[in-house]
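Structural overview for review
Single-letter residue listing:
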Amino acid sequence: MSASKHIQTILNGMIQSLKSVIPLPMDIKSPSLMVQPFDQKEMGVLIGIIGDIKGRIIIDSTSDCFSSIGATMFGMTLEGEMLESFTGELGNMIAGNLCTTVAGNNLEIDITPPTVIVGTTKLFGFQHAFKLPVVIDGIGDLTIILTIDE
């Protein structure tokens with residue numbers, strides 16, 4: 001399978017995974033190419049991808065957005081360390097679901113444990129990146145970044 005086919009499979013799998021894991025109506029915009037650096041504004045989670053394709057998934061948003069998703073999924077407001085833990089686990093659920101989804105398309109990937117990033121930061125060091133903007137109704141915006149290492 002070509003690299004472009006792998007990327008398309010992962011982007012399509014990410015869309016399915018988001019819809020499967022987050023039980024809220026959402027509008028997933030078209031993916032676009034992105035150049036480095038990636039500027040994170042407030043909070044996110046980074047998960048490595050290994051296997052047939054290597055790269056990273058970054059899920060970026062605000063603490064309010066992650067907290068609202070958590071409140072919807074678990075019925076309680078999350079803040080502080082609980083919010084940070086939930087953010088990592090949400091990334092883990094999305095990426096884990098992605099692994100299962102793409103396996104059905106003959107793409108074998110595995111993920112690394114999630115790294116939660118809090119605060120403003122710039123991420124460098126990737127060859128190619130794709131941005132997938134997501135608007136969750138009544139909650140806020142998520143930005144999914146897929147970086148590909150050659």
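Residues numbered from 1 in each chain as written. Predicted model: local features only at pLDDT ≥ 70, side-chain atom pairs only at ≥ 80, totals over all residues. Heavy atoms only, no water.

Regarding the nonpolar core
Worth spelling out the cut-off: Residues belong to one nonpolar core when they are buried, are Ala, Val, Leu, Ile, Met, Phe, Trp, Tyr or Cys, and are joined through side-chain atoms within 4.5 Å. To sort residues, take the accessible area from a 1.4 Å probe on protein chains only and compare it with the maximum for the residue type: under 20% means buried, over 50% means exposed, and anything in between is partly exposed. A run of H or I in DSSP counts as a helix once it spans at least four residues, and a run of E counts as a strand once it spans at least two, with each numbered from the N terminus. What makes two residues a contact is simply this: any of their non-hydrogen atoms within 4.5 Å.
Judged by nonpolar contacts, the single largest core of 40 residues is most densely connected at Leu18, Ile22, Ile57 and Leu142. Of all the elements, helix α3 (residues 80-103) adds the most residues to this core, at 8 residues. When residues no more than four places from it in sequence are discounted, the contact partners of leucine 142 are Leu18, Ile22, Ile59, Asp60, Ser61, Cys65, Phe66, Ile69, Leu132, Pro133, Val134 and Ile136. In terms of nonpolar packing, the next biggest core, distinct from the first, is built from 9 residues, Met34, Ile58, Ile117 and Ala129 among them.

Digging into the UniProt feature "domain: Chemotaxis phosphatase CheX-like" (unreviewed entry) in the protein
Put simply, the test is: UniProt positions are given in the numbering used here, feature names are shortened, and annotations may be inferred rather than shown by experiment.
Here, UniProt's "domain: Chemotaxis phosphatase CheX-like" (unreviewed entry) annotation points to residues 44-120. When the span residues 44-120 is considered, its composition is 47% helix and 30% strand, and the gap between its end C-alpha atoms is 10 Å.

Here's the deal with the side chain of serine 17
Within the secondary structure layout, serine 17 lies in helix α1 (residues 3-21). Residue contacts for serine 17: discarding those within four places in its chain leaves Met93, Ile94, Asn97 and Leu98.

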